[in-house]
Amino acid sequence: MNHDDLRIWSRRAADWAHDYHAGLRQRPVRAPLTPGAVAARLPEAAPETPEPMETIWADFEAIVPDAMTHWQHPRFFGYFPANAAPVSMLAEQLANAMAAQCMLWQTSPAATEIEQVMMRWLRGALGLPERFAGTIHDSATSATLSAILTMRERALDWASNAAGLSGAPVLRLYASAQSHSSVDKGARIAGLGQDNLVKVPTDAGLSMDPAALEEAIAADIAAGRRPAGVILCVGGTSVGASDRVAACIAVARSHDIPVHVDAAWAGSAMICPEFRDLWAGVEGADSIVFNPHKWLGAQFDCSVQFLADPRDQVRTLGLRPDYLQTLGTDGVTDFNEWTVPLGRRFRALKLWFLLRAHGLEGLRGRIRDHVRWAGELAEEIARLDGVEIVTPPALSLFTFALKAGDAATEALLRRINDDGRVYLTQTRHKGRFVIRVQVGQFDCTRDDVMTVAQVLRDLL
Ligand SMILES: *Cc1c(COP(=O)(O)O)cnc(C)c1O
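Everything numeric in this text was worked out from a predicted model, so none of it was measured.

Student: Please clarify how the pattern of salt bridges should be interpreted in this entry.
Tutor: Working definition: two side chains of opposite charge can pair if their charged atoms are close together. Enumeration over the complete set of coordinates arrives at 32 salt bridges. Salt-bridge contacts for Glu-92 lead to Lys-350; the nearest nitrogen and oxygen are separated by 2.9 Å. Of this pair, Glu-92 sits in helix H3 (residues 86–98) while Lys-350 sits in helix H12 (residues 348–382), placing them 258 residues apart in sequence. The exposure class assigned to Lys-350 is buried, which follows from its relative accessible area of 0%. For the salt bridge of Arg-414 with Glu-410, the shortest nitrogen-to-oxygen distance reads 3.2 Å. In this pair, Arg-414 and Glu-410 are both assigned in helix H13 (residues 406–419), four residues apart and thus about one turn of the helix distant. By relative accessible area, Arg-414 is classed as exposed at 53%. In this structure, a network of salt bridges that share partners links the residues Glu-92, Asp-301, Arg-345, Arg-347 and Lys-350.

Student: Just checking my understanding: could you explain the site of the ligand for this structure?
Tutor: Of all residues adjacent to the ligand, which total 14 residues, the nearest are Ala-140, Thr-141, Asp-262, Asn-291 and Lys-294. Ala-140 is positioned with one of its backbone polar atoms (N or O) 2.7 Å from an oxygen atom of the ligand. Taking Lys-294, its side chain carries an N or O atom lying 2.8 Å from an oxygen atom of the ligand. Relative to its free-state accessible area of 390 Å², the ligand is covered by the protein chains to the extent of 87%.

Student: Explain the environment of Ile-367 here, please?
Tutor: Turning to its location among the elements, Ile-367 is positioned in helix H12. For Ile-367 and Ile-271, which are 96 residues apart along the polypeptide, the C-alpha to C-alpha distance reads 9.0 Å. The residues contacting Ile-367, other than those within four sequence positions of it, are Ser-268, Ala-269, Ile-271, Cys-272, Phe-275 and Trp-295.

Student: Any chance you could explain helix H11 (residues 310–317) here in plain terms?
Tutor: Structurally, the α-helix is built with 3.6 residues per turn, so residues lying three or four positions apart point the same way. By the burial criterion, the buried members of H11 are Pro-310, Gln-313, Thr-316 and Leu-317. The buried residues of H11 occupy one face: seen down the axis, they fall within an arc of 125 degrees. What points out from H11, more than 90 degrees from its buried face, is the exposed set Arg-311 and Arg-315. Those residues of H11 hidden inside the fold are in contact with strand S1 (133–137), helix H5 (140–155), helix H6 (160–163) and strand S7 (303–307).

Student: Where do I start with the sheet that holds strand S11 (residues 432–438) in this structure?
Tutor: Sheets are built from strands paired through backbone hydrogen bonds, the pairs being either parallel or antiparallel. The strand order S8-S9-S11-S10 describes an open sheet built from four strands, whose pairing is antiparallel. Two strands in the sheet have a free side with no partner beyond their single neighbour: strand S8 (387–394) and strand S10 (425–429). Going across the sheet, the axis of each strand differs from the next one's by a mean of 35 degrees, ignoring polarity. Bridge count between S8 and strand S9 (residues 397–402): five bridges; the pairing is antiparallel. What sits directly across from Glu-388, in S9, is Ala-401.

What counts and what doesn't
- Residues numbered from 1 in each chain as written.
- Predicted model: local features only at pLDDT ≥ 70, side-chain atom pairs only at ≥ 80, totals over all residues.
- Heavy atoms only, no water.
- Salt bridge = Lys/Arg side-chain N within 4 Å of Asp/Glu carboxyl O.
- Helix = DSSP H or I, 4+ residues; strand = E, 2+ residues; numbered from the N terminus.
- Buried < 20%, exposed > 50% of the residue type's maximum accessible area, 1.4 Å probe, protein only.
- Near = heavy atom within 4 Å.
- Polar contact = N/O pair within 3.5 Å; in protein donor to acceptor, adjacent residues only side chain to side chain.
- Areas by Shrake-Rupley, 256 points an atom, 1.4 Å probe, with all protein chains shown as cover.
- Contact = heavy atoms within 4.5 Å.
- Arc of directions from axis to C-beta.
- Pairing = 2+ DSSP bridges.
- Axes fitted to C-alpha atoms, helices over the stretch in contact; angles between N-to-C directions.

And the structure:
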């Protein structure tokens, strides 16, 4: 394929995309498929000679769409959303067309500078103080890993990158059991060890108990271990739990321990001032992550990290070999020094398109609708016989279960997802198997949301 062919095929792809999206409501949300079914339809080895594009296209249509779980389906209520507003898809098309690698300012000045401006726009939209500077990662996992690596370096006086960890004091991290597994992964990859991630007990409201945090830190110091960082969660993945950010930060501050806040999902809702109580005190954090690719509408992937002082992270992750020097342009920002990978995609473009095409007020309206509809749906479900709400809506996420117990609830979830009209996922809460409902797909309507109650009435 050359670029003349590409023009023809990308027009066809645009038409296909339109029809795919128009037909989503008629599709089951989750692919009704057994593992291995797709691989069995592909040849064992790559072709030696070129195949015609028509054949490749026909196979795509025959094999792929029916074997996907449709994340942009308006009745996708599983996990958290991975929204892709059409305008952000358009921006991705343009970024794809230029296919730039944006590691340095000089490898793509527009990518760096639009990223800087978008970080300022988002900082303002979230109500964060002006001292925060931001950057874009692929995922919250990478942002949290970067924060943990920075905590490690800081706790070891900037020596561990050079000297390694052998012989170093034992470092400790603190998070609640409601925190995401990416925190565990970060502790492992950073070489701190899973056992040194202290899971601080939570209070009745599922927030990290600040008094328990204080106790854990004091016990570690008394035992000769060195506290390196606290990771707080706002809108946890399981049931939407949030730590009491201000009180926990106060404890960390009193010991001069840095704090990272994981608001990967809930952060998007902070464009609405009325939800900011959920992370009150966040301006005291050193690092904050949120994923515009979840609830805000920026096509996956796009995870934003705000840093109160980016110099610590740049000191940890930045390397400047001769071949990466930006000659004659002192003072520019080379964002690869802020993140783990060197290479970077042009992710800021879709934020620019998204924020302009919808305006903050447009994006707030969607999030407010989702929160309201989740509340209405939870009330509707609470009225069904034999069903109980286990955790009430945290923003737009709640869980329910059958009073008959775990086995019955699990069987119900299978029936729901085999039915295909809606897609829900599960978690365990206080040992109990519960079904999560998360409202947040960019194009869902109130009717789509209420379909969950109808499906339950049909299947119970
Ligand atoms: C989704 C999520 C993550 C992980 O996000 P990735 O971008 O997929 O790495 C981390 N923390 C929370 C609270 C999340 O909801």
